[in-house]
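What follows is each chain in one-letter form.
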Amino acid sequence: MGSLRNPVGPLPSSIYWRRRVVAASVVALLLLLLVWMFNLGGGDGETRGQANTGRDDQRAASSITPGPSSTESRDDTRPGGRDEADDGSDGESSGSDGGSDGGSGAGPDEGGAGGDGAKNGDDEPGGGPSGGGNGGTAGLPACTSGQVRLSLVAVENTYAPGERPRLRLTVDNSGGSDCRVAVGPGQAVVTITLAGDEDETVWSSDHCAEGGDTAQLRVPARDKADHTIEWDRRGSAPDCPKSSRDAATPGTYLAEVKAPGLGTAQTSFVLAKD
């Protein structure tokens, strides 16, 4: 025991004490390192165990199929619940379809009854009717003289040089049902003569009419429909020879329209001088 307190050796005792302190420190450090490594290994094991437990819980939760919600249960158990809802939606769909069909169905009637549609067609050779298509007249009866009345007016009283005269034929239907009038150039024939020389025809719509032009005008019940005829200011003759296509001279002209079975109507206009 005395050698522990008082080191024996050739060196000073302080050196031996320093060596003992260093050795003790090294041993203490080794012990601390061992304790730390032991604690570290245990902590990792717990972490791994917690992670594995979490994965197991997730797999268990995902394997459980959720049951029906309270709302679905009420819908399934209510007698006829879903069928009644489907029926309602079908009814609304049918109603909207019916409404759209009804709205679109009014288009052809309006187009057939309107007079504007009869004003925008191609000009016939030598002048003739503008428009007057067949739309909306299928199945309609022909108008009769006791049902309709014809009138003819010049769109303008005087036409400047180079300006084409336009005549408006109006059909007034006093009957209680729609009817149709043939207004093609070979059907509702318009004749133009020079005032004071009515026996000589200057131009007639049927002279240069094409055989397939059978335009029909729909006339609504208790309403009117218009059809416009345009003249190119040139003469005509039967079979439309080129020699008859001379330009009309200035003066006052008389125009007459004649529709078979419906009578006639007249008007006048002036071709102004240069």
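Look above for the structure.
Residues numbered from 1 in each chain as written. Predicted model: local features only at pLDDT ≥ 70, side-chain atom pairs only at ≥ 80, totals over all residues. Heavy atoms only, no water.

Asks: For this particular structure, what's the right way to read the state of the cysteines?
Replies: Evaluation of the coordinates by the stated rule reveals two disulfides. The side chain of C208 participates in a disulfide bridge whose partner is C240; the two sulfur atoms lie 1.9 Å from each other. Here the disulfide of C208 and C240 is right-handed, its torsion about the S-S bond being about 85°. Here the residue C208 occupies a position in the loop between strand 7 (197–204) and strand 8 (216–219), and C240 occupies one in the loop between strand 9 (223–231) and strand 10 (251–259), the gap between them amounting to 32 residues. Residue class for C208 comes out buried when judged on its relative accessible area of 8%. (Disulfide = S-S within 2.5 Å. Helix = DSSP H or I, 4+ residues; strand = E, 2+ residues; numbered from the N terminus. Buried < 20%, exposed > 50% of the residue type's maximum accessible area, 1.4 Å probe, protein only.)

Asks: Whenever I open this one, unusual backbone geometry confuses me. Can you help?
Replies: Excluding glycine, a negative phi dihedral is what most residues carry, and trans is how most peptide bonds are arranged. Of note, the phi angle at R222 is positive, near 50°, even though the residue is not glycine. Tracing the sequence through the fold places R222 in the loop between strand 8 and strand 9. Residues other than glycine seldom take positive phi values, yet C240 does so here, at roughly 55°. Of the residues examined, C240 reaches a relative accessible area of 25% and is grouped as partly exposed.

Asks: For this particular structure, what's the right way to read the sheet that holds strand 3 (residues 158–159)?
Replies: On the basis of which strands lie adjacent, the open sheet formed by five strands has the order 3-11-10-6-7 and mixed pairing. Strand pairing shows two members of the sheet lacking a second neighbour, strand 3 and strand 7, which therefore form its edges. As judged from the six bridges shared by strand 6 (residues 189–194) and strand 10, these two strands associate in the antiparallel manner. Its bridge partner being in strand 10, I192 is matched across the sheet by A255. (Pairing = 2+ DSSP bridges.)

Asks: Got a minute to help me understand the packing of aromatic side chains in this structure?
Replies: Each aromatic ring pair is characterised by the separation of its centres together with the angle its planes make. Counted by the stated rule, this structure contains five aromatic pairs. Judged by centre distance (5.9 Å) and plane angle (85°), the ring pair of Y159 and F269 falls under edge-to-face. Here Y159, found in strand 3, pairs with F269, found in strand 11 (residues 263–271); they are 110 residues apart in sequence, far enough to count as distant. Across the pair, F269 and Y159 agree in class, each one buried. Between the aromatic rings of W203 and W231, the centroid separation amounts to 6.4 Å while the plane-to-plane angle is 35°, which identifies the pairing as tilted. Taken together, the residues span a long stretch of sequence, with W203 in strand 7 and W231 in strand 9 at a distance of 28 residues. The residues W203 and W231 share a single accessibility class, namely buried. Each residue in the set Y159, W203, W231, Y253 and F269 is aromatic and connected to the rest through ring pairs, giving one cluster. (Phe/Tyr/Trp six-rings, centres within 6.5 Å; stacked < 30°, edge-to-face > 60°.)

Asks: Would you take a moment to explain the pattern of salt bridges for this structure?
Replies: If the charged atoms of two oppositely charged side chains come close together, the side chains can form a pair. Inspection of the entire model under this criterion finds five salt bridges. As a salt-bridge pair, R218 and D178 come within 3.0 Å of each other at their nearest N and O atoms. One end of the pair, R218, is in strand 8; the other, D178, is in the loop between strand 4 (166–173) and strand 5 (179–182), with 40 residues separating them in the sequence. For D178, a relative accessible area of 21% corresponds to the partly exposed category. The salt bridge partner of R245 is D232, with a shortest N-O separation of 2.6 Å. One end of the pair, R245, is in the loop between strand 9 and strand 10; the other, D232, is in the loop between strand 9 and strand 10, and 13 residues separate them in sequence. (Salt bridge = Lys/Arg side-chain N within 4 Å of Asp/Glu carboxyl O.)

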